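# Structural overview
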Amino acid sequence: MFHSLRYSALVLALFGGMTVSQAQQNVSQPANTYSLEDCIRIALETNPQVKQSEITVQTNGNTYEQSKWQRWPSISFSASQGFRSGRNIDPFTNQFVQQNVSSNNYQLGGQVTLFSGFQISNNIKFNNANYQASAKDLEATRNDIMLNVALSYLQVVTNEELIMVAQRQVDASQLQVERTAKLVEAGTLAESNLLDLKSQLANDELSLVNAQNNLESAKLNLKQYMNMPGSEVINVVKIPVKDPTMQAYDASIQEIYETALNNLPQMKAANMRIEASKINIDLARGAGMPTLTLNGGIYTAYSSAAPKQRFVGDGTGNTTIDVPSTTDYVMIDNKQVPIIQRVTAPNGSIQNFRYFNQLDFNRNSAINLNLSIPIFNNFRTKYNVANAKLQQKTYEYQAQQVQLTIRKNVEQAYIDMTNAAKRYSATANQVRALQETFRVAQVRFDVGAINSVEYNIAKANLDRANGNLVQTKYDYVFRTKILDFYMNRPLSDF
């Protein structure tokens with residue numbers, strides 16, 4: 001990932017440069033022709049690594065959202081069905097019975113944490129930091145994929161232009177062979193001159209074939225990044241790149257480095273993990289603090305051993321009546337007179353005691369406040385805190401490594417841009433000089449002042465210089481755009 005930092009600018013640079021040309025191409029773009037935007041879109045949509053990173057972000061996002069719900073009470077409902085035979089305890093009366101008993105138990109309960117050493121709030125912060133860091137990792141992963149596609153796309157464009165240069169060389173050699181052949185037939189030039197030119201034409205044709213092969217290899221590499229079959233035919237939209245102006249870059253290495261630190265997703269992800277590790281220390285400490293929870297519930301039960309009928313008061317008060325005893329009496333005048341008992345009972349009636357009536361009758365509720373104070377837990381809290389501090393140090397060192405890598409890449413990119421500018425300037429001067437040399441050699445060869453060997457040397461030197469100029473042009477422009485990327489600048493101007 002870090003190795004690609006200095007090249008990531010190619011993506012945005014290429015996007016910017018193609019804006020105008022793509023608008024024109026989209027109207028009548030040939031079949032199987034792809035712009036850079038198309039290639040990157042297809043690569044991102046089909047790349048398994050990107051999809052895995054997206055799943056990681058979604059998973060961390062779900063973890064973060066779920067942790068916020070830990071502030072709320074947890075509620076649960078449970079139900080059970082039981083059957084007992086023989087000597088049992090009746091769940092309704094708690095008395096021993098000698099019969100088969102079936103029973104149901106229902107419970108609706110809830111619990112809320114009032115205090116747990118700030119672990120809930122710290123866990124929310126920790127999960128949020130991990131979520132944000134994974135999002136930055138995804139951004140960096142996408143940059144890597146986009147980088148590889150952009151470099152492959154660039155190789156295709158470069159090789160297409162090199163084919164055009166090679167084709168011009170072949171055309172020029174072919175014209176010279178045809179012209180020399182006529183002069184040989186007329187007896188003006190020796191046949192050896194024609195043979196030398198035909199040899200040069202063969203070399204130029206070989207260079208053209210090599211350029212075509214290089215183009216096919218570059219296209220295959222691009223199709224592989226796009227996860228397309230190698231047999232599929234593709235063409236790319238050419239990116240118009242102006243000749244470099246060779247002006248000095250308007251920012252120092254330190255300015256580029258500081259701007260890159262504030263914008264690159266790798267650096268942001270590393271800093272977020274440091275923050276997460278600090279929160280993790282508080283989480284480890286919180287495990288050694290008291291925990292206060294509040295829980296409660298509503299309970300009810302049913303038993304088949306319960307009576308099927310029972311007296312139910314109607315709430316209208318009590319009634320007092322005299323009830324003669326059927327067993328107790330007194331003797332008055334040798335007569336048995338029943339003892340009268342005065343009984344007061346609530347008003348009501350005998351009613352059927354069915355399933356739901358019993359559940360309603362057995363309903364009860366409870367609420368509890370629980371305090372848990374850890375006294376000794378085998379020093380788990382102590383060593384968990386120590387390990388969390390070591391984890392923080394690890395992330396700090398990783399962040400330092402990211403900084404060093406960014407600085408190294410920025411410095412290397414700046415030097416590469418400077419060297420590319422020197423190479424392009426020298427190559428451009430070489431081309432101009434060799435063009436004049438070849439022009440003179442052409443004139444002298446036409447009048448017979450030099451032989452075909454000297455002519456072919458002059459032409460070969462110019463051909464090589466033209467190919468080098470194409471490569472150094474793209475190399476310099478794109479290395480400049482790399483610095484623009486680090487500076488977080490728009491990259492649409494080519």
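Residues numbered from 1 in each chain as written. Predicted model: local features only at pLDDT ≥ 70, side-chain atom pairs only at ≥ 80, totals over all residues. Heavy atoms only, no water.

A word on the nonpolar core. Grouped together as the largest cluster of nonpolar side chains are 79 residues, with contacts concentrated most on Tyr153, Leu222, Tyr249, Ile256, Ile406, Leu483 and Tyr486. Looking at this core, the element that brings in the most residues is helix H5 (residues 119-185), giving 15 residues. (Core = buried A, V, L, I, M, F, W, Y, C linked by side-chain atoms within 4.5 Å. Buried < 20%, exposed > 50% of the residue type's maximum accessible area, 1.4 Å probe, protein only. Helix = DSSP H or I, 4+ residues; strand = E, 2+ residues; numbered from the N terminus.)

With that out of the way, let us pick up a nonpolar patch on the surface. There is a patch of nonpolar side chains on the surface, built from Leu371, Ile373, Ile375, Phe376, Phe379 and Tyr383 and spanning about 750 Å² of accessible area. The residue phenylalanine 379 is located in the loop between strand E10 (364-372) and helix H10 (380-446) in this model. (Patch = residues over 30% accessible without salt bridge, like charges linked within 9 Å, V, L, I, M, F, W, Y side chains within 5 Å. Areas by Shrake-Rupley, 256 points an atom, 1.4 Å probe, with all protein chains shown as cover. Salt bridge = Lys/Arg side-chain N within 4 Å of Asp/Glu carboxyl O.)

Our next topic: the packing of aromatic side chains. Inspection of the entire model under this criterion finds 9 aromatic pairs. Both rings, one in phenylalanine 115 and one in phenylalanine 118, keep their centres 5.2 Å apart while their planes meet at 85°; by these two values the pair is edge-to-face. The exposure class of phenylalanine 118 is exposed, given its relative accessible area of 53%. An angle of 45° between the planes, with centres 4.5 Å apart, marks the rings of tyrosine 302 and tyrosine 355 as tilted. In this pair, tyrosine 302 sits in strand E7 (residues 291-303) while tyrosine 355 sits in helix H9 (residues 355-361), placing the two residues 53 residues apart along the sequence. By relative accessible area, tyrosine 302 is classed as buried at 16%. You can call tyrosine 355 partly exposed: its relative accessible area is 26%. Put simply, the rings of Tyr302, Tyr355 and Phe356 pair up and form one aromatic cluster. Here lysine 473 stacks its cationic end above the ring of tyrosine 474, 5.9 Å away from the centre of that ring. (Phe/Tyr/Trp six-rings, centres within 6.5 Å; stacked < 30°, edge-to-face > 60°. Lys NZ or Arg CZ within 6 Å of the ring centre and 35° of its normal.)

All right, on to the side chain of serine 277 then. Looking at where serine 277 falls in the secondary structure, it is placed in helix H8 (residues 265-286). When its relative accessible area of 2% is taken as the criterion, serine 277 is described as buried. Engagement of the side chain of serine 277 in a polar contact is seen with the backbone oxygen of isoleucine 274, the distance being 2.6 Å. Those residues within four positions of serine 277 in sequence are excluded, and the remaining contacts are Ala388, Gln391, Gln392 and Tyr395. (Polar contact = N/O pair within 3.5 Å; in protein donor to acceptor, adjacent residues only side chain to side chain. Contact = heavy atoms within 4.5 Å.)

This part is about unusual backbone geometry. The backbone phi angle of phenylalanine 118 is positive, close to 60°, even though this residue is not glycine. Locating phenylalanine 118 in the fold gives a position in the loop between strand E5 (101-115) and H5.

According to UniProt, the "coiled-coil region" (unreviewed entry) feature falls on residues 194-228. The distance separating the terminal C-alpha atoms of residues 194-228 is 47 Å; by composition the span is 91% helix and 0% strand. (UniProt positions renumbered as here; feature names shortened; annotations may be inferred.)

A pair can form between side chains of opposite charge whenever their charged atoms are brought close. By the definition in use, this model includes 18 salt bridges. With its nearest N and O atoms 2.3 Å apart, the salt bridge here joins aspartate 360 to arginine 363. Judged by its relative accessible area of 47%, aspartate 360 falls in the partly exposed class. Through salt bridges that share partners, Asp416, Arg423, Asp475 and Arg479 make up one connected network.

Another aspect to go through is the pairing of E7. With 12 bridges connecting them, E5 and E7 associate as antiparallel partners. Counterpart to glycine 110 in the pairing with E7 is glycine 296. By the bridge criterion, 9 bridges tie E7 to E10 in an arrangement that is antiparallel. Bridged to threonine 291 within E10 is serine 372. (Pairing = 2+ DSSP bridges.)

Per-residue confidence for the protein chain gives a mean pLDDT of 85; residues scoring 70 or more make up 93%. Mean pLDDT across the elements of the protein chain bottoms out in helix H2 (residues 19-25) (40) and peaks in helix H4 (residues 48-68) (95). Counted against residues more than four places away or in other chains, residues 1-27, with its pLDDT under 50, gives 74 contacts. (pLDDT = per-residue confidence, 0-100.)

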